[in-house]
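Here is what each chain is made of, one letter per residue.
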Amino acid sequence: MGLKDSCQEVVSSRPLFLTIYTTVIVGIVLSSLYVFSAVYSADKSSPDSTSWLSSPPSLSYVDSPLGQAFNSSLATTDGAAAPAPPSQHGDAPANSIWVPPKNSKMPSLQTFRLTKELVEQRVKDNVIIVTFGNYAFMDFILSWVKHLTDLNLSNLLVGAMDTKLLEALYWKGIPVFDMGSHMSTVDVGWGTPTFHKMGREKVILIDAILPFGYELLMCDTDMVWLKNPLPYLARYPEADVLTSSDQVVPTVVDDRLDIWQQVGAAYNIGIFHWRPTESAKRLAKEWKDMLLADEKIWDQNGFNDIVRRQLGPAVDGDDGLVYAFDGSLKLGVLPASIFCSGHTYFVQAMYQQLRLEPYAVHTTFQYAGTEGKRHRLREAMVFYDPPEYYDTPGGFLSFKPSIPKSLLLDGDHTIDTHFTLINYQIKQIRTALAISLVLNRTLIMPPLWCRLDRLWFPHPGVLEGSMTRQPFICPLDHVFEVNVMLKEMPEDEFGPGINIREYSLLDNTLMPKEVKESWLDVKFCQGGTKDCEVTNSTGSPRVIRLPKRSNEETLKMVFSSFKDIKVIQFSSMQDAFEGFTDQKMEEQFRNRVKRYVGIWCCTADHVPGHIYYDMYWDEKSGWKPVPPQTSADDHPNW
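First, a word on what this report is: a plain description of the structure on this page. As the structure is a prediction and not an experimental result, all values here were calculated from the model. (Residues numbered from 1 in each chain as written. Predicted model: local features only at pLDDT ≥ 70, side-chain atom pairs only at ≥ 80, totals over all residues. Heavy atoms only, no water.)

Turning our attention to the overall build of the chain. When helices and strands are counted, the chain shows 19 helices and 24 strands. In the chain, which comprises 638 residues, the share counted as buried stands at 58%. Within the structure as shown, the chain displays about 25,400 Å² of accessible surface, and the carbon and sulfur contribution to it stands at 50%. (Helix = DSSP H or I, 4+ residues; strand = E, 2+ residues; numbered from the N terminus. Buried < 20%, exposed > 50% of the residue type's maximum accessible area, 1.4 Å probe, protein only. Areas by Shrake-Rupley, 256 points an atom, 1.4 Å probe, with all protein chains shown as cover.)

Take a look at the structure:
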């Protein structure tokens, strides 16, 4: 049982309100740790000016020396005028983005120092929009920038925590500055001093930019903008800070600020807007000093502790602001329905139910690390991938999931009915994975239906007061370990990898027309009957008939003539595959896919409260969804 799963029972005796307040903070910490964990290996040393989309790099953890925070890259703010930096992009218009520079050589790092003059080149209406990261998150950063430029917003800057990212963004024409970090590619665990140092970069950056006199919209890289937020933020000119939150219960049903008295969840620092007021500057400085004095404090916890030191009274008027921090700072909480968390967007779809337009989505409340964040954005069709993602070698395989109405809608929503529904789908997905392996195709996962929500702590199925509908299409990481599915494994033990794509792939407007039109439907028939002759003839375009319970050799023979078809869609996966004829391949496949499923969490009437999914539940007589009864039972089913 991992650290993320082990905290669920500690709050089981608390009231739900306090449970949500405390454990959501813990959960988001544990979800966000993945943003800084793994090792990058991709290398792209030559400039690429032909496409802004790069292949997604593998992940890395970065180590940033805080003791010398930005000493070599920040301008002084003591009144001394720093020389204006030269334009990064030669003769390109000042606000142009995605315009590759005309320079033949990379400018010196001095060009990319964070100065007031550099920020001034990007500011519009006194606002600058900023994110930062390292090369491991370049694909997230490119998506972040692309969404903003699609909204006609060019007043943005990206902080590069390593020179590899800085150079890559420069050659793509993206405004970038050097954060002066000396990066490490060491993979470290949650809670280590290096992990906590990483979180300090954000507050150091805020503290450095505010004295320049510009409004700062600060963002994490694992979020995207869906609508121009600047007019909304301008509705609250008196606010010193407007912050997002982890609130999962709506406090308003329109687009007003959330009612601060009813926001019991943590303020989330992945999306927040700062005005360069004296109160905001004092908050930034005290927050920075707190974190630098104690490396064990998580940056978001520190922010919440300081801001909530004094909370109230309400600011005069009806704009929803509250005095906070030292009694002079005017704070507003952005509505969670439209400045969405991973729960209000992907699980509740709160904005849809309230008929509102979302401004942003932040990939919190998820369970599969960075890969899970990326997959969720792909499911929502708001992540930008390179063209080859949509036209993979070997082609795609999809299927129409068959779910009886009774499994979705009949009876109460309980642990038993939830697992009955999920297990029915797991069995079909297991078959689809096997056929994808045999045909060497990338599996388009089906939409996954759930009856119960998944969280880090005991709950009654869905959070009380939330707008979660039952049943609902749940993110893949609610059941499957997306990070494991995408991880390379030794082939001698686990066999060849099986590539997957999100269920919405074929609906994505980025999907090439020629791929979607290269299509073959597969309909099942009863083997041995007159109209069910096994053939690999291509004489009947777009539709073939296949006997149920075909084996590995039959599948290879039938589809050998359809290797150039981009998309093969099976009408069902019920009784579609008899099994592997190669015993070693069968063993390797089992070893692999057993690791693909995770846990449901958590029941309140047992400790521990989580229940393991089992890819081969149907082979175990009397299998029931129950928590581990002893410590010896507390392990995945492999």
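Back to the text.
Here the focus is the environment of G264. As for its placement among the helices and strands, G264 is situated in the loop between strand 6 (241-245) and strand 7 (267-274). A residue is classified by how much of its surface remains accessible, and G264, at 9% relative accessible area, is buried. Residues G264 and V249 lie 15 residues apart in sequence; the distance between their C-alpha atoms is 9.2 Å.

Taken together, the six strands give an open sheet; going across it, the order is 17-14-13-21-18-19, and neighbouring strands pair in parallel fashion. In the strand order of this sheet, the two ends are held by strand 17 (500-501) and strand 19 (543-547), each with one partner. Bridge analysis of strand 18 (residues 519-525) against strand 19 gives five bridges, and the strand direction is parallel. What sits directly across from K523, in strand 19, is R545. (Pairing = 2+ DSSP bridges.)

The next thing to look at is the side chain of R441. Relative to the assigned elements, R441 resides in the loop between helix 14 (415-439) and strand 14 (442-444). Put simply, R441 is tucked away with no salt bridge, and the nearest opposite charge, on D564, sits 7.8 Å away. A polar contact is formed between the side chain of R441 and the backbone oxygen of I565, at a distance of 2.7 Å. If we skip the residues at most four places from it in the chain, R441 touches G394, G395, F396, L397, S436, N499, F562, K563, I565, K566, V567 and I568. (Lys, Arg positive; Asp, Glu negative; His and termini not counted. Salt bridge = Lys/Arg side-chain N within 4 Å of Asp/Glu carboxyl O. Polar contact = N/O pair within 3.5 Å; in protein donor to acceptor, adjacent residues only side chain to side chain. Contact = heavy atoms within 4.5 Å.)

The next point concerns the side chain of S572. Relative to the assigned elements, S572 resides in the loop between strand 21 (567-570) and strand 22 (577-579). Residue classification places S572 among the buried residues on the basis of a relative accessible area of 14%. Among the polar contacts made by the side chain of S572, one reaches the main-chain amide nitrogen of Q574 at a distance of 2.9 Å. Apart from residues no more than four positions distant in its own chain, S572 is found in contact with K400 and F524.

With that settled, the discussion passes to the pairing of strand 13 (residues 396-399). Consecutive residues of a regular strand have side chains that alternate between opposite faces of the sheet. Neither face of strand 13 is open: one carries F396 and S398, the other L397 and F399, and all of them are buried. Note that strand 13 and strand 14 share two bridges and pair parallel. From the neighbouring strand, L397 faces strand 14, where its bridge partner is L443. In the sheet, strand 13 pairs with strand 21 via four bridges, with the strands oriented parallel.

Moving on, we come to helix 5 (residues 163-171). Among the nine residues of helix 5, seven are classified as buried, and the element is accordingly described as predominantly covered. Tucked into the core, helix 5 has its buried residues touching strand 1 (127-133), helix 4 (138-150), strand 2 (156-160) and strand 3 (176-178). Two residues or fewer after helix 5 comes G173, characterised by a positive phi angle close to 80°.

Here the focus is the packing of helix 4 against helix 5. The interhelical angle for the contact between helix 4 and helix 5, taken along N-to-C directions, is 35°, at an axis separation of 11 Å. As for the relative orientation of helix 4 and helix 5, their crossing is right-handed in sense. Between helix 4 and helix 5, the contacting residues are M138, I141 and L142 on the first element and L165, A168 and L169 on the second. The residue makeup of the contact of helix 4 with helix 5, split by class, is six nonpolar, no polar and no charged. (Axes fitted to C-alpha atoms, helices over the stretch in contact; angles between N-to-C directions. Left-handed = near helix turned anticlockwise from the far one by under 90°. Nonpolar A, V, L, I, M, F, W, Y, C, P; charged D, E, K, R; others polar.)

Turning our attention to the sheet that holds strand 3. Strand pairing in a sheet relies on backbone hydrogen bonds. The paired strands run either parallel or antiparallel. Judged by pairing direction, the sheet is mixed, and its nine strands sit side by side in the order 3-2-1-4-7-6-10-9-8 without closing on themselves. What marks the edges here is a single partner per strand, and that holds for strand 3 and strand 8 (311-314). Adjacent strand axes in the sheet meet at a mean angle of 35°, parallel and antiparallel pairs treated alike. In the sheet, strand 1 pairs with strand 2 via five bridges, with the strands oriented parallel. Looking at the pairing, I129 lines up with L156 of strand 2. Its contacts with the sheet put helix 5 on strand 1, strand 2 and strand 3, and the angle it makes with strand 3 is roughly 155°. Sitting on the sheet, helix 8 (residues 278-293) touches strand 6, strand 7 and strand 10 (329-333), and the angle it makes with strand 7 is about 140°.

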